[in-house]
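Residues per chain, in single letters:
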Amino acid sequence: MKRLSELAKDASGVIASINGDTRFVSRITSIGLTPGCRVSIIKNEKHRPLLVYSRDTMIALNRKECDWIEVAEAV
């Protein structure tokens, strides 16, 4: 299992779990990122937000928040 921020550009994964406080989990799930959801990394540059594609939507996520989202890497 990896953190979302550890996936390289053009990698895909499936969200395994979302950790953090209730406010964070509520916000992330309300934008469609839920366990079992497939995500693709569009952009992952150091010290920059992560650009993720999921459910026909492109989402920019704070790098620190991505550390709370665990993914299983897809083949």
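Here the structure is shown first, and the text comes after it.
What counts, and where the lines are drawn
Residues numbered from 1 in each chain as written. Predicted model: local features only at pLDDT ≥ 70, side-chain atom pairs only at ≥ 80, totals over all residues. Heavy atoms only, no water. Salt bridge = Lys/Arg side-chain N within 4 Å of Asp/Glu carboxyl O. Helix = DSSP H or I, 4+ residues; strand = E, 2+ residues; numbered from the N terminus. Buried < 20%, exposed > 50% of the residue type's maximum accessible area, 1.4 Å probe, protein only. Polar contact = N/O pair within 3.5 Å; in protein donor to acceptor, adjacent residues only side chain to side chain. Disulfide = S-S within 2.5 Å. Core = buried A, V, L, I, M, F, W, Y, C linked by side-chain atoms within 4.5 Å.

## Notes on the pattern of salt bridges
Phase 1: All told, the structure shown has 2 salt bridges when counted by the stated rule.
Phase 2: Taking the shortest distance from any N to any O, the salt bridge between E73 and K2 comes out at 3.2 Å. Taken together, the residues E73 in strand 6 (residues 69-73) and K2 in strand 1 (residues 2-3) connect sequence positions 71 residues apart.
Phase 3: Residue classification places E73 among the partly exposed positions, given a relative accessible area of 47%.
Phase 4: Exposure remark for K2: the relative accessible area of 33% places this residue in the partly exposed category.
Phase 5: When the shortest N-O distance is used, the salt bridge between E65 and R27 registers 2.3 Å. Within this pair, whereas E65 is found in helix 2 (residues 63-66), its partner R27 is found in helix 1 (residues 22-30), the two being separated by 38 residues in sequence.

## What about the side chain of S12?
Phase 1: By the secondary structure assignment, S12 is in strand 2 (residues 12-18).
Phase 2: Looking at S12, the relative accessible area reads 18%, which means it is buried.
Phase 3: Reaching out from S12, the side chain makes a polar contact with the side chain of S40 at a distance of 3.3 Å.

## Description of the state of the cysteines
Phase 1: Counted by the stated rule, this structure contains 0 disulfides.
Phase 2: Summary of cysteine pairing: C66 is not part of a disulfide, and the nearest cysteine sulfur, belonging to C37, is at 13 Å.

## Notes on the nonpolar core
Phase 1: Ranked by internal contacts, the top residues of the largest apolar core, which has 18 residues, are L4, I15, L33 and L61.
Phase 2: Among the elements of the structure, strand 2, helix 1, strand 3 (38-43), strand 4 (50-54), strand 5 (57-61) and strand 6 are those that each provide at least two residues to this core.

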